[in-house]
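# A look at the structure
This is what each chain is made of:
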Amino acid sequence: MDAALEIQGLRKEYKKFILKDISFRLDQGTIMGLVGPNGAGKTTIIKLILNMIRRSAGTIEVFGLDNIAHEKAVKARIGFVHETPAMVEDAPLKNIKTALAPFYGSWDERLFRRLSAEFGLPLDKKFKALSHGIKMKFQLALALSHDADLLVLDEPTSGLDPVFRRELLERLSDVIQDERKSVLFSTHITSDLESTADSITFINRGELVFSLPKDEVRETWAVVKGGPELGNDSLRGLFKGFRETPYGVEALTSDVPAVRRALSGGLVVDKASIEDIMIFMDQGASHV
Amino acid sequence: MKIVISNSSPDPIYEQIGRQIKAQIISGDLAEGESLPSIRRLARDLQISVITTKRAYDELEREGFINTVGGKGTFVAVQNQELLREKKMKIVEDKLSEAVSEAKMLGIGLAQLKDMLLLLYKEED
Amino acid sequence: MFKFVLKDFFLHKKYILSLGILYPLYVGWFGSRLHNPTVYALIAAFMYMIVALFPYTREDKLKAVGLSLSLPATRREIILGRFLTSWTLMIGLWILGTAVALFIPGGKLGASKLLGLGTILTILAYMTAFLAAFMPLVVRFGMVGIMIFLVAMQVLGIVAMLLRARIRNLKVIIGSVGRGVAAAQEALGPAVAAAAVLIVLLIVNYASFELSAFLFKRKDY
């Protein structure tokens, strides 16, 4: 599979936060979930892809083109959906559409009308008068109407009720049935990923934890449950997160064989869900 | 085509898929020339990653079980009967090889092994 | 490039239309009460510039710049679009305002003054001066940039007053644009002066464009 998006060594420095060593690849025709706790750096990565903020180091290639050197060509193929849309709120939807459409050579007005009808978009209403879900749908309609090959969505499901959320995720799955199209969406809602994502990139505190096909995550990461011996210094490097219960210790690892070699019996090893990983890693830094 | 995926199995999902498709082709449940769902369709229906289904199909194609014709889809490859027999033999051979290694490790001798084989074979009828 | 003008118009249509009618009416009325075409030019240019920059101060306030940034356009093109839109608006408003001033009965500034080459050049000069000064400020500081400018002007005014002696100089500075245009006309004759003034204005616009583009490029959103 060709890469829709390829990021190498991406770095962005802020005064109180550093995003560093981010490298991952989004295969064409797949959906990638960019996941991590709030403040992990997901939105930063997305803004860097769109060149809304300048990168300190690293490369970002969209369909093989550097996103800064070929900014126009790249953005012509990207459709962006924001969580808090940068829209002029007073403008009615149809005006926003009229304002943006001329920028895209591939704009399909008939498709937009069809999608508007399908999504139930009230084109005469002002943007600010819409519910969050309709705002998302509008942005999606705009993105699909210019035949965007890469959809980038920043937390599209937060603030949506479960019905809307399911609808949106299914719509994204539909999009990639056309294998030319790819989707990157960030979320901190882990259940979104279980059903929809093909691959998962996990970011924590500005660093990449892993970027793997969804099914491999469960094959690689596990929660090891046992007694206090899990806290031994010799095991330090193996565990990425810890939790102590009144009855024992739970630890997160990405190297089950090594753990088995280091410890003898009495271990319970469960496949880790993405939620597990997030919870453990959030606490992890303070323990390990 | 019947595929059942177990999340709790130690085997990676792409292996589970591969094995099940292979078995159905060998047993004839999947006929030569029969079309298989696209990797995307399969991924969607099983709610797994398209990267996983692609991996499974890629391996099956490499081993000669299926063919992907660009634009038309994926089909069960024409199975050379001789090759098919060989593949069947290989599967059993692998299993026996596993049993032999275990036996050697546990200190069970050849004669005992032969007896066990006889008993088991008779049993499952 | 016209798509940029269209974009800003449609995104801010309501405001552009309402201000776009109100301000020319006010300026036009005001113009009909004034003797001095230079003062008229100054006020007109200032008011029209405010409308021209309105979309961008609004975008800054609403944090809606991201919309432009997700479009297939370089930052430089976005700024060029802003200048285009601003000028389109200012000239459009000026036409409306002049029409109002002309048709209000009892106007002190007649058609010859309102439509005279000198007045036209002076208005263009003031428009350039304001736009060139404000656009980089708005790019760099957003709405706050306008505040900064106005506060700075107040401070300057206070300082001038305190220094007492130089009060006239403020007027001189403001009037210098008008006087410069008049001087050019006298020295060079109307046609050459017009050409010279326009070239200078073009250069000033261009310089402001480069500065604004530079500032815009460096900004993180």
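Calculation notes
- Residues numbered from 1 in each chain as written.
- Chains lettered and ligands numbered in written order.
- Predicted model: local features only at pLDDT ≥ 70, side-chain atom pairs only at ≥ 80, totals over all residues.
- Helix = DSSP H or I, 4+ residues; strand = E, 2+ residues; numbered from the N terminus.
- Contact = placed C-beta atoms within 7 Å.
- Nonpolar A, V, L, I, M, F, W, Y, C, P; charged D, E, K, R; others polar.
- Buried ≥ 20, exposed ≤ 12 C-beta atoms within 10 Å, placed from the backbone.
- Pairing = 2+ DSSP bridges.
- Axes fitted to C-alpha atoms, helices over the stretch in contact; angles between N-to-C directions.
- Parallel < 35°, antiparallel > 145°, perpendicular 65-115°, else oblique.
- Left-handed = near helix turned anticlockwise from the far one by under 90°.
- Core = buried A, V, L, I, M, F, W, Y, C linked by C-beta atoms within 7 Å.
- Domains from an automatic or database assignment.
- Expected span 1.5 Å × (residues − 1).
- pLDDT = per-residue confidence, 0-100.

### Concerning the environment of C:Leu84
Residue and element names in this part refer to chain C. Mapped onto the fold, Leu-84 is located in helix α5 (residues 75–103). For the pair Leu-84 and Val-5, spaced 79 residues apart in the sequence, the C-alpha separation amounts to 6.7 Å. Setting aside its immediate chain neighbours within four residues, Leu-84 contacts Met-1, Phe-4 and Val-5.

### Details of the interface of chain B and chain A
Contact with chain B, which involves twelve residues of that partner, is made by 14 residues of chain A. Counting residues per element, the ones that place at least two in the side of chain B that touches chain A are α2 (39–46) and α3 (50–62) of chain B. The residue makeup of the side of chain B that touches chain A, split by class, is six nonpolar, four polar and two charged.

### Here we look at the pairing of strand β9 (residues 199–204) of chain A
Residues and elements named next belong to chain A. By the criterion of burial, β9 is predominantly enclosed, with six of the six residues buried. The side-chain alternation of β9 yields two buried faces, one formed by Ser-199, Thr-201 and Ile-203 and the other by Ile-200, Phe-202 and Asn-204. Both strand β3 (residues 31–35) and β9 contribute to a ladder of four bridges, which runs parallel. When the bridges of β9 are listed, Gly-33 appears paired with Ile-200. Pairing between β9 and strand β10 (residues 207–213): six bridges, direction antiparallel. Residue pairing in the sheet places Thr-201 in a bridge with Ser-211 of β10.

### Structural notes on the packing of helix α3 (residues 37–62) of chain C against α5(C)
All names here are of chain C. Their axes nearest at 9 Å, the elements α3 and α5 cross at an angle of 140°. Relative to α5, the element α3 is oriented oblique. The element α3 and its partner α5 pack so that their crossing is right-handed. Where α3 abuts α5, its residues Ala-44, Tyr-48, Met-49, Val-51, Ala-52, Leu-53, Pro-55 and Tyr-56 lie against Arg-82, Thr-85, Ser-86, Leu-89, Met-90, Leu-93, Trp-94 and Gly-97. Each residue belonging to the contact of α3 with α5 can be placed in one class, and the counts come to twelve nonpolar, three polar and one charged.

### Looking at the sheet that holds strand β14 (residues 268–271) of chain A
Backbone hydrogen bonds are what pair the strands of a sheet, in a parallel or an antiparallel way. Residues and elements named next belong to chain A. With antiparallel pairing, the four strands of this open sheet are ordered in space as β12-β13-β11-β14. With one partner strand each, in any of the chains shown, β12 (239–245) and β14 form the two edges of the open sheet. Adjacent strand axes in the sheet meet at a mean angle of 20° when their direction is disregarded.

### Here's the deal with the nonpolar core
Core analysis: the largest hydrophobic core is formed by 129 residues, its most contacted members being C:Ala45, C:Tyr48, C:Met49 and C:Met127. Element by element, the count of residues in this core is highest for helix α7 (residues 117–141) of chain C, at 15 residues. Counting residues domain by domain, this core receives three or more from each of domain 1 (3–216) and domain 2 (221–287) of chain A. Counting 19 residues, the second-largest nonpolar core is a separate cluster that includes B:Leu30, B:Ile51, B:Ala56 and B:Leu60.

### Details of the interface of chain A and chain C
The interface of chain A with chain C comprises 24 residues on the first partner and 23 residues on the second. At the level of secondary structure, the elements contributing two or more residues to the side of chain A that touches chain C comprise α2 (71–76) and α3 (93–100) of chain A. For the side of chain A that touches chain C, the element with the highest residue contribution is α3(A), accounting for five residues. Here the side of chain A that touches chain C is built from residues that sort into 15 nonpolar, three polar and six charged.

### Some words on α3(B)
With 13 residues, α3(B) ought to run about 18 Å at 1.5 Å a step, and its terminal C-alpha atoms sit 18 Å apart, in line with that. Within α3(B), burial applies to B:Val50, B:Ile51, B:Thr52, B:Thr53, B:Lys54, B:Arg55, B:Ala56, B:Tyr57 and B:Leu60.

### Comments concerning the confidence of the model for chain C
The share of residues in chain C with pLDDT of 70 or more is 91%, and the mean pLDDT across the chain is 84. The least confident element of chain C, judged by mean pLDDT, is helix α9 (residues 167–188) of chain C at 67; the most confident is helix α1 (residues 2–11) of chain C at 92.

### Focus: α7(C)
Residues and elements named next belong to chain C. Taking 1.5 Å per residue as the helical rise, α7 with its 25 residues ought to reach 36 Å, and the 35 Å between its terminal C-alpha atoms agrees with that figure. Of all 25 residues that make up α7, 20 are buried, and the element is covered over most of its length. Looking one or two residues past α7, Gly-142 carries a phi angle of roughly 70°, positive in sign.

### Describing the domain arrangement of chain A
Residue and element names in this part refer to chain A. Domain annotation of chain A identifies domain 1 (3–216) and domain 2 (221–287). Of note, the centres of domain 1 and domain 2, computed from C-alpha atoms alone, are 34 Å apart. Of all the elements in the fold, those that place two or more residues in the side of domain 1 that touches domain 2 are α7 (190–196) and β9. By residue number, the principal contributor to the side of domain 1 that touches domain 2 is β9, which donates three residues. In terms of residue class, the side of domain 1 that touches domain 2 is built from six nonpolar, two polar and one charged.

### Observations concerning the arrangement of the chains
Once contacts are tallied for each of the two pairs of chains in contact, the highest total is for chains A and C. In this view chain B stays clear of chain C, with the nearest C-alpha atoms of the two still 29 Å from each other.

### Quick word on the sheet that holds strand β3 (residues 73–76) of chain B
All names here are of chain B. Taking strand neighbours across the sheet as the criterion, the three strands line up as β1-β3-β2 in an open arrangement whose pairing is antiparallel. Each edge of the sheet is formed by a strand with only one pairing partner; in this case those strands are β1 (35–36) and β2 (66–69). With two bridges joining them, β1 and β3 adopt antiparallel strand pairing. By the bridge assignment, Leu-36 is partnered in β3 with Thr-74.

### A few points about the confidence of the model for chain A
Residues of chain A with pLDDT of at least 70 account for 97%, and the chain-wide mean is 89. Per-element confidence in chain A is highest for strand β4 (residues 57–62) of chain A, whose mean pLDDT is 96, and lowest for helix α10 (residues 274–287) of chain A, whose mean pLDDT is 73.

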